[in-house]
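Fold and contact review
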Amino acid sequence: MKKVGSLILAMAMLLSLAACGGGDSKKETKAANAETKAAGAETKAAEGETKAEGAETKAEGNGDPIHIAIIGPQTGNNAYAGEALFNGAKMVLDAYNEAGGCNGRLIEYDEYDTKADANEGTIIAQKLVSDDSIVATIGPWSSTVGLAMAPIIDKAGILMYATSPSHKDLTKASEWVIRQSPLASCLAYGCADTLLEKGYTHGVYLYDNTNEGAVGGASMFEERFTAGGGTVTTEGYAAGTKDFTPIITKYKNEGVEFICMYGATSDSALICTQARDLDLDCLIQVNSMALNDEFNELIAGLEEIYCCDSYAADYPSDELQKFVSEYTDSFGKAPIVHAYLAYCAAERFCEALDKFGPDDMEAVRDYLRNGEQETSLGTLTFVDGDADRPTVWTKYDTEAGLFKAVTEIPALQ
């Protein structure tokens, strides 16, 4: 559905009503005065209408709307991430529209449900390239969908501002792709380095083998951890697996010191709960892909569950806390990382549109692929569409029932 902000001519309507009331008199002796008042009211109403029209012109911009698409999973197992993506992006787009748009033009956006499925992403990409008015997308959320869409939008010159995908090949697939999330290597290397620094030498990395980002993340973690002198086994599983006990039992018998995982909410929660049920007493690290209110409820009471990411909702930053407060007030829940990434992507995209305008999308693209962005978590420097950043560790707080930022993880005993 297309969303366009507009102002109602409230002042004109109120003054028009006043004008109608001013001309109604029961006594002939007051008729002349009433007519005079009515004429005055009509004059004021006309002035009010002029002011209201001016306000509407300001809100609607002074040119044709800019058409973009917001794309992400609205149904399926990853709908929670799509909800966050859409909310974060629309916070920015709606705010710009209320202020008059970008470069004097409002932004109209269509919403597309990718279902986090590559085939669905291909269909959506084909729809977008058949519409000459579409200049860009905010999203997609997953690497798998982004990789499927990139070759199609590349030919049409549609800018894709991916929010959460982490696969290293995404920005190489098209010069029209920019990625807001850190590369999988950034998080994988940061996680591996921290574990090595804390004395961990032997573990397992479990990953969803249907997710391109997860596959790449596991490979890069193994590369970094083994280069640092550790040993790690990477093992893929099918999304939707219900019984992980055979896998967990195998690694418990091997005496692993940690379990890292990269998968969706339900899969990751099952691995955590089944590992603790089997009395596997080791550090467990989950990927932010899993984190949401449902995950927090599913792992309630579990100890020593950590996440290595680039975001924490309680990070001590005034700017970030302002975003968290506004998001929570608007949607009744704290923002997860996918909301923050979409918010930052939409902000930067609108900034580029304001600077260059939608009629020079090549300039917009070049500015976004190689430039800087000041965020509440630090300055990001983009090179060829990517920007690395430091990792942030969070730990599941059993009393609060959510993940909170920590300055370090425990050293191996």
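First, a word on what this report is: a plain description of the structure on this page. (Residues numbered from 1 in each chain as written. Predicted model: local features only at pLDDT ≥ 70, side-chain atom pairs only at ≥ 80, totals over all residues. Heavy atoms only, no water.)

What follows covers the nonpolar core. Grouped together as the largest cluster of nonpolar side chains are 88 residues, with contacts concentrated most on Ile68, Leu159, Leu195, Phe221 and Phe349. If one sorts the elements of this core by residue count, helix H12 (residues 337–356) sits on top with 13 residues. Residues contacting Phe349, with those up to four places away along its chain left out, are Ile68, Ala136, Ile138, Leu159, Tyr161, Met361 and Leu368. (Core = buried A, V, L, I, M, F, W, Y, C linked by side-chain atoms within 4.5 Å. Buried < 20%, exposed > 50% of the residue type's maximum accessible area, 1.4 Å probe, protein only. Helix = DSSP H or I, 4+ residues; strand = E, 2+ residues; numbered from the N terminus. Contact = heavy atoms within 4.5 Å.)

For the rest of this paragraph, the subject is the sheet that holds strand E8 (residues 258–262). Strand order across the open sheet formed by seven strands is E7-E6-E8-E9-E10-E13-E14, with mixed pairing between neighbours. The outermost strands of the open sheet, each flanked by one partner alone, are strand E7 (231–237) and strand E14 (402–406). In this sheet, neighbouring strand axes are inclined to one another by 25° on average, regardless of whether the strands run parallel or antiparallel. As paired strands, strand E13 (residues 392–397) and E14 are joined by five bridges and run antiparallel to one another. By the bridge assignment, Tyr396 is partnered in E14 with Phe403. Contacts from helix H6 (residues 184–197) reach E8, strand E9 (283–286), strand E10 (305–309) and E13 within the one sheet, and its direction differs from that of E10 by about 130°. (Pairing = 2+ DSSP bridges. Axes fitted to C-alpha atoms, helices over the stretch in contact; angles between N-to-C directions.)

Further remarks concern the packing of H12 against helix H13 (residues 361–369). It is the contact of H12 with H13, at a shortest axis distance of 9 Å, that shows an interaxial angle of 135°. Here H13 runs oblique to H12, going by the angle between their axes. Note that H12 runs across H13; the crossing there is right-handed. Residues Arg348, Phe349, Glu351, Ala352, Leu353, Lys355 and Phe356 of H12 form the contact with H13, whose own contacting residues are Met361, Ala363, Val364, Tyr367 and Leu368. Taken together, the residues of the contact of H12 with H13 sort by class into nine nonpolar, no polar and three charged. (Parallel < 35°, antiparallel > 145°, perpendicular 65-115°, else oblique. Left-handed = near helix turned anticlockwise from the far one by under 90°. Nonpolar A, V, L, I, M, F, W, Y, C, P; charged D, E, K, R; others polar.)

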